[in-house]
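Architecture at a glance
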Amino acid sequence: MSFKLFIAGDSTAALKGAAEKPMTGWGEYLPEHFGSAVEVDNRAVNGRSTKSFLAEGRLAHIERDLQAGDYLFIQFGHNDGKQEDPARYADPERAYRDHLREFVEAARRAGATPVLLTPVSRRRFLADGTPDPEAVGPYPDAMRQVAADTGTPLLDIFAASQQLFRALGDTGSRHLVMHLPAGAHPNYPEGLRDDTHFSDVGARQVARLVAQAIRQSPELAELRACLKSTPAESLFPGKAVERQ
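In what follows, the accompanying structure is described. Position numbers for residues count from 1 along each chain, tracking the sequence in the order it is written. The model is predicted, so local features are restricted to residues of pLDDT at least 70 and side-chain atom pairs to those at 80 or more, both for listing and for counting; the totals for chains, interfaces and linings are taken over all residues. Water and hydrogen atoms play no part in the side-chain values, which are based on all heavy atoms of the structure.

Description of the overall build of the protein
Across its full length, the protein holds seven helices and nine strands. Its C-alpha radius of gyration of 17 Å places the protein within 12% of the 18 Å reference for a compact globule of 244 residues. With respect to the principal axes defined by its C-alpha atoms, the protein has extents near 50 × 45 × 35 Å. For every residue, the accessible area obtained with a 1.4 Å probe (protein chains only) is divided by the maximum for its type, and the residue is called buried under 20%, exposed over 50%, and partly exposed between those limits. Counting all 244 residues of the protein, 51% fall into the buried class. Sequence-distant contacts, at least 24 apart, represent 71% of the contacts inside the protein between residues at least 6 apart. Computed by Shrake-Rupley with a 1.4 Å probe, the accessible areas treat only the displayed protein chains as cover when residues are assessed. Per element, the accessible surface of the protein, about 10800 Å² overall, is 49% carbon and sulfur. Counting from the N terminus, the helices are the DSSP runs of H or I reaching at least four residues and the strands are the DSSP runs of E reaching at least two. Here the globule rule is a power law, 2.2 Å times the number of residues to the power 0.38, and the radius of gyration is based on C-alpha atoms. Every residue pair with non-hydrogen atoms within 4.5 Å of one another is taken to be in contact.

Okay, structure coming up:
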């Protein structure tokens, strides 16, 4: 039996073109964690929020392709908080939650399984060297509440990525994001300091966090059974090698 896993999300998950590399979305590496029974169909798009994704008809396009037994992974939050942009802003207490429910309901109408993923953390540290728990504002908590209210499986990627940043520290985590000096890459001749978007290495690590979260979810037993059982290096310094 085979099925599709659709990803609806923003630039942190989206496929990147040649002109954007080495920036990489975690969705590019998720297929590596599954066997042939799962086809990952990444519909995440740069710059989108729940509001703009819906307004552009992107969920409707996914819904036309969803089949019974498929999965819909839903990860938004970074762009929903942009109050300066009315086309994207969705307040976390009402609009954002209502939009997430639309995604959940669309999946269920098709007989598919919706899965909510809290937005991956921005790499932002406080003065004491700990990751900023407000790195994506109130959106992770809002999504957790929607998951609880709707009985939807939740993968807490915000918490997992904060744990990763904490383990690596401010300096050790820089290679996970887009920190490039001037002249290091032709796509960014003037260099780049971006603590939201991932390098190739960072995208691989976040994809592994997603796979680990699936493995730990009792609600996703069928999907968990499709994960590859291959040796994997530990994500966290000083910890034993883990197996997936």
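This is not the end of the story, as more comes after the structure.
A short note on unusual backbone geometry
Looking along the chain, the bond that leaves K21 and enters P22 is cis, with omega of 10°. Its location among the elements puts P22 in the loop between β1 (3–9) and β2 (38–42).

Some words on the side chain of S11
In this structure, S11 sits in the loop between β1 and β2. Sequence-distant contacts of S11, that is, excluding residues within four places in its chain, are made with K16, G25, V45, N46, G47 and H197.

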